[in-house]
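Spelled out, the chains give:
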Amino acid sequence: MDLTSLTVQIAALGGCLWAESFFPLFMDRRGKIRWVHVARNVAVGLMNGLVLTVGFSGLIRFSAQWGELHRFGLIPRLGLFPAAELAAGFVAFDLWMYGWHRANHAIPLLWRFHRTHHTDPALDTSSAYRFHLGEMVLSTLLRLLVIPLLGIRLQNLVLY
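Everything numeric in this text was worked out from a predicted model, so none of it was measured.

**Some words on the overall build of the protein chain**
Part 1 of the argument: In terms of helices and strands, the protein chain carries six helices and zero strands.
Part 2 of the argument: For the protein chain, the spread of C-alpha atoms along the principal axes amounts to about 60 × 35 × 25 Å.
Part 3 of the argument: Long-range pairs, those at least 24 residues apart, make up 70% of the contacts in the protein chain between residues at least 6 apart in sequence.
Part 4 of the argument: When the accessible surface of the protein chain is totalled, it reaches about 10,300 Å², and 70% of it is carbon and sulfur.
Part 5 of the argument: Across the protein chain, 14 positive and 9 negative side-chain charges occur, with their mean positions spaced 6 Å apart.

**Considerations on the pattern of salt bridges**
Part 1 of the argument: Under the counting rule described, the total for this entry stands at three salt bridges.
Part 2 of the argument: Ionic contacts of the salt-bridge type, sharing partners, join the residues R71, E85 and R153 into one network.

**Topic: the packing of aromatic side chains**
Part 1 of the argument: Inspection of the entire model under this criterion finds four aromatic pairs.
Part 2 of the argument: Between F93 and Y160, the aromatic rings sit 4.9 Å apart at their centres with planes inclined by 90°, giving edge-to-face as the arrangement. Within this pair, whereas F93 is found in helix α3 (residues 82-106), its partner Y160 is found in the segment after α6 (154-159), the two being separated by 67 residues in sequence.
Part 3 of the argument: Their ring planes at 25° and their centres at 6.3 Å tell us that W96 and W100 sit as a pair that is stacked. Taken together, the positions of W96 and W100, both in helix α3 and four residues apart, correspond to about one turn of that helix.
Part 4 of the argument: A residue is classified by how much of its surface remains accessible, and W96, at 22% relative accessible area, is partly exposed.
Part 5 of the argument: Every member of this aromatic cluster is reached through a ring pair, and the members are F90, F93 and Y160.

**Thoughts on unusual backbone geometry**
The phi angle of most residues is negative, glycine excepted, and most peptide bonds adopt the trans form.
Part 1 of the argument: Notably, R71 is not glycine yet its phi reads approximately 50°, a positive angle.
Part 2 of the argument: Following the sequence through the fold, R71 ends up in the loop between α2 (35-69) and α3.

**Observations concerning α3**
Part 1 of the argument: In this model, α3 (25 residues) spans 36 Å end to end at C-alpha, consistent with the 36 Å of a helix rising 1.5 Å per residue.
Part 2 of the argument: Packing partners of the buried residues in α3 comprise α4 (108-118), α5 (133-150) and α6.

**A few points about the environment of L142**
Part 1 of the argument: Locating L142 in the fold gives a position in helix α5.
Part 2 of the argument: The spatial distance from the C-alpha of L142 to the C-alpha of P121 is 29 Å, given a sequence separation of 21 residues.
Part 3 of the argument: Beyond its immediate sequence surroundings of up to four residues, L142 is in contact with W96 and W100.

**A few points about the packing of α3 against α5**
Part 1 of the argument: One way to put it is that α3 packs onto α5 with a least axis distance of 11 Å and a crossing angle of 145°. Between α3 and α5 lies a crossing whose hand is right-handed. When α3 is examined against α5, the residues A92, F93, W96, M97, W100 and N104 are found in contact with a partner set consisting of E135, L138, S139, L142, R143, V146, I147 and L150.
Part 2 of the argument: Residue classes in the contact of α3 with α5 are distributed as 10 nonpolar, two polar and two charged.

Cut-offs used in this document
- Residues numbered from 1 in each chain as written.
- Predicted model: local features only at pLDDT ≥ 70, side-chain atom pairs only at ≥ 80, totals over all residues.
- Heavy atoms only, no water.
- Helix = DSSP H or I, 4+ residues; strand = E, 2+ residues; numbered from the N terminus.
- Contact = heavy atoms within 4.5 Å.
- Areas by Shrake-Rupley, 256 points an atom, 1.4 Å probe, with all protein chains shown as cover.
- Lys, Arg positive; Asp, Glu negative; His and termini not counted.
- Charge placed at Lys NZ, Arg CZ, Asp CG, Glu CD.
- Salt bridge = Lys/Arg side-chain N within 4 Å of Asp/Glu carboxyl O.
- Phe/Tyr/Trp six-rings, centres within 6.5 Å; stacked < 30°, edge-to-face > 60°.
- Buried < 20%, exposed > 50% of the residue type's maximum accessible area, 1.4 Å probe, protein only.
- Expected span 1.5 Å × (residues − 1).
- Axes fitted to C-alpha atoms, helices over the stretch in contact; angles between N-to-C directions.
- Left-handed = near helix turned anticlockwise from the far one by under 90°.
- Nonpolar A, V, L, I, M, F, W, Y, C, P; charged D, E, K, R; others polar.

Structure below.
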């Protein structure tokens, strides 16, 4: 699954960057896309991804599998059939992510990390990979609690 996810992300990033080469939001002095800017943002995203994968992927998997094994959390208690449970898990996790994003804008300490994403000097596709490592670690640590509390299954995380 990790290789599939990585392949999809690379293809999506490549496709969007390709489209931006024809319809750029900004140009450098020579009229070309700023590949140094793109490379910098992608490098930040790759470094964050490496730290999170090495440091947390096993814990995230354990958290989801433990909750699923013990039928722990809110969603399993609803008594839904499997497809509805999967859909509810996806929606619940997306709502959590939205709430976390709003908190990053509202809480000054969190905003200090999150503003790295919003202060990209030249907004483009690569800005989606520009996040402070502190925000990513805090978000992941909270997910370790949220996943079993909501009853999010591993399939939900892969789908998300």
